[in-house]
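For reference, the chains in residue letters:
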Amino acid sequence: MNVGLTGGLLGSWQRRNREATIPHVIGELRKAGNLENLRRLADPSVGPYRGRYPFLDTDLYKTLEGLAYEVARDDAPAGAREFFDEVVVLLGQAQAEDGYLNSYFQDPDQPKQPWSDLGWGHELYNLGHLIQAAVAANRRLDDDRLLTIARKFADLVVRKYGEHGEEVIDGHPEVEMALVELYRETGNADYLTQARLFVDRRGQGKLKHTIFPGEYFQDHVPFRELPSVIGHAVRMAYLAAGVTDVYLETGDQSLLAALERLWDDMVATKLYLTGGLGSRHSDEAIGDRYELPSERAYAETCAAIATMQWAWRMFVATGKASYLDVYETVLYNAYAVGLSADGTAFFYDNPLQRRPDHEQRSGAEDGGELLRRAWFGCPCCPPNIVRWMSELQDQIAMTRDNILYVGVYADSHITAGDLAISVSTNYPWDGEITLTVENAPAEERTIALRVPAWATEATLALPGAAGEAPALGEDGWVVVRRTFVAGDVVRLTLPMAPRAHGSHPHLDATRDAIAVARGPLVYCVEQQDVDAPVDDLLLTPGAVRAAIARQRDDHFVLELTAGVAPEPPAELYPVITETARQSAVEEVPATFVPYFLWGNREALAMRVWLRTEREG
């Protein structure tokens, strides 16, 4: 199968990635000293190791993974090929004879020795990102230099920690899905076995826990016994994605049962409306069920990418459209918000509310901008955004049981064997999706189109008599089976009426509040777009339903009427005699913007959730 983005919002994101984000990230990596950390292994006169973390090589690996996609395209970013080649040469020079590669632990001035701190050293996490970059380069560029380096390191791990080696795991899951992908690329079953061993060892007391307890590392009980997604959000989602890969290659039903249970619990109790995962700043953790504060949402950008990786794999494993519903929510909200409109500044954490007097900077560093920043001391998110932007087309469609599933809608060209179609749409701004058959065999083929859960009145039109249109499936797919001919047009219409969302009564932070959504997009109100304090705004479901979608620049905003609450009491905890929703003292026009676009102007107040006004 071959899929390429040809335009639309996702296509514009990829163009911005090539023209702005990648050059910016390459420049920041050079300034931060990531390349010098490799150079000094051969030439100590370069200077000391730069950076406070032992896993900074991964920022090069993630960038290389994205560059493997971009260099393969006709419009590759300026300097991308040169940077790619420069880093690959440095990695080959830095790699130890036995295959080990980590610029921090190989540094002769570092007191820690290789493999001495698996809880926090992230050596296997580093290997995972190296493998993923290597596989991308081999597939996209037919360049096996990185693959040779990655296999040499992976072979060391198999010898050291395989079936006949030490029974250990890494403190930060990631290598599991990479090892499975290396197995797929090379056919060497040792890599799949190693991934399975790392999954099965977790929760067996194989890791020394420091700073945080076993729950933080998803290492307090075996994976199959985890009661809920727990601990560090990125670690959890990366682990689950890797476990899903192991299931896909082994067919171990006990793993799938655990994955489905954990996923369902996460979606029902621990995922933000935006698809963000992780409610705690102190340990970047997921938190308890229904612990979803808006202004303190951590929802790290890397956790959004990890959740999408897990979601896509669960879709591949089961064919269920519900996983892509969550994938799409994360894509357009929790992930997209992590990057500025110009592509050169980033959010590390992604709250759903900003109070007027908020002063904390993103990423926990002192100083800098109040909103997005150009770089971080722990810059894991920017290179992660780069690689995921480069790979968006890989999560558009798939074939399974001889059915072409089109699950994410964007201007694209899709070739699946002898069937080729083009997709034209202004999604997510409107819900008209047109599929045009460009080439088809002389026998029946099946195309399945996802109908998101919010599209309750979707319609489908096929060429020929109107009566040919099949009924929409209850499982989230509408299936079209017929003998297609070139020029056939299939039109799916997904009505995009604005929606008012409430929250579960156990979710204290947003009880009796309303959030606004349209299609896959969550909306928010920034102080710039309303002449009343956003903290005093009141909404009703009726006001949301009456909202008007209007184009502003290259996106759509929602214009609606909001109520303004009476002046609040002076006391923090006033005595009350009865509880009731407030009635507005006046109404004001308010413009809601897509959540992913907030924070590109002056640092003022913002809200996703607003109080509910008494109706009638």
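Since we're looking at a predicted model, the values are computed, not measured.

> So, the pairing of strand β14 (residues 521-526): which residues are in play, and what are the values?
Taken across its six residues, β14 has six buried, putting it largely inside the fold. What you see with β14 is no split at all: L521, Y523 and V525 on one side and V522, C524 and E526 on the other are buried throughout. Note that β14 and strand β18 (residues 586-594) share two bridges and pair antiparallel. Residue Y523 lies in a different strand from β18, and its bridge partner there is P594. Looking at chain direction, β14 and strand β19 (residues 606-607) are connected through two bridges and run antiparallel. From the neighbouring strand, V525 faces β19, where its bridge partner is R607.

> An account of the sheet that holds strand β8 (residues 445-450) is needed here, citing residue identities and associated values.
With respect to topology, four strands assemble into an open sheet ordered β3-β4-β8-β10, the strand pairing being mixed. Taken across any chain shown, the strands that pair with only one partner, and hence form the sheet edges, are β3 (397-400) and β10 (477-482). The mean inter-strand angle of the sheet, taken between neighbouring strand axes irrespective of direction, is 20 degrees. Against the sheet, helix α11 (residues 301-318) contacts β3, β4 (403-406) and β10, and its axis sits at roughly 25 degrees relative to β3. Packing of helix α12 (residues 321-335) onto the sheet brings it into contact with β8 and β10, and relative to β8 it is tilted by some 50 degrees.

> Quick rundown of the packing of aromatic side chains? Include the residues and the values.
Summed over the entire model, instances satisfying the criterion amount to 28 aromatic pairs. Site record: aromatic cluster; members linked through ring pairs are W13, Y332, Y409, Y427, W429, F556 and F596.

> Account for the sheet that holds strand β9 (residues 459-461), with residues named and values stated.
Strand order in this open sheet of six strands is β1-β5-β6-β7-β11-β9, and the pairing throughout is antiparallel. With partners counted over all chains shown, the strands left at the sheet margins are β1 (2-5) and β9, one partner each. Geometrically, the sheet is characterised by an average inter-axis angle of 15 degrees between neighbouring strands, direction not taken into account.

> Run through helix α4 (residues 80-94), naming residues and quoting values.
Taking 1.5 Å per residue as the helical rise, α4 with its 15 residues ought to reach 21 Å, and the 21 Å between its terminal C-alpha atoms agrees with that figure. Those residues of α4 that sit buried are A80, F83, F84, V87, V88, L90, L91 and A94. The buried side chains of α4 occupy one side of the element, clustering within an arc of 165 degrees when seen end-on. The exposed set on the far side of α4, more than 90 degrees from its buried face, consists of E82 and Q93. On the buried face of α4, the contacting elements are α1 (8-32), α2 (34-39), α3 (57-71), α5 (123-141) and α6 (145-161).

> Describe the packing of helix α10 (residues 253-269) against α11, and please don't skip the residues or the numbers.
Between α10 and α11, the least distance of the axes is 12 Å, while the angle of their chain directions is 130 degrees. By the angle between their directions, the pair α10 and α11 is classed as oblique. By crossing handedness, the relation of α10 to α11 is classed as left-handed. Between α10 and α11, the contacting residues are L256, L259, E260, L262, W263 and M266 on the first element and T307, W310, A311, M314 and T318 on the second. In the contact of α10 with α11, the residues fall into eight nonpolar, two polar and one charged.

> Go over unusual backbone geometry with me, naming the residues and quoting the values.
In this structure, P428 follows Y427 across a cis peptide bond, with omega equal to 10 degrees. Positive phi values are uncommon outside glycine, yet D401 reaches one of about 55 degrees. Within the element layout of this structure, D401 appears in the loop between β3 and β4. Using a relative accessible area of 67% as the deciding quantity, one classes D401 as exposed. One non-glycine residue with positive phi stands out, namely D512, at about 60 degrees. Mapped onto the fold, D512 is located in the loop between β12 (499-501) and β13 (513-518).

Basis of the calculations
Residues numbered from 1 in each chain as written. Predicted model: local features only at pLDDT ≥ 70, side-chain atom pairs only at ≥ 80, totals over all residues. Heavy atoms only, no water. Buried < 20%, exposed > 50% of the residue type's maximum accessible area, 1.4 Å probe, protein only. Helix = DSSP H or I, 4+ residues; strand = E, 2+ residues; numbered from the N terminus. Pairing = 2+ DSSP bridges. Axes fitted to C-alpha atoms, helices over the stretch in contact; angles between N-to-C directions. Contact = heavy atoms within 4.5 Å. Phe/Tyr/Trp six-rings, centres within 6.5 Å; stacked < 30°, edge-to-face > 60°. Expected span 1.5 Å × (residues − 1). Arc of directions from axis to C-beta. Parallel < 35°, antiparallel > 145°, perpendicular 65-115°, else oblique. Left-handed = near helix turned anticlockwise from the far one by under 90°. Nonpolar A, V, L, I, M, F, W, Y, C, P; charged D, E, K, R; others polar.

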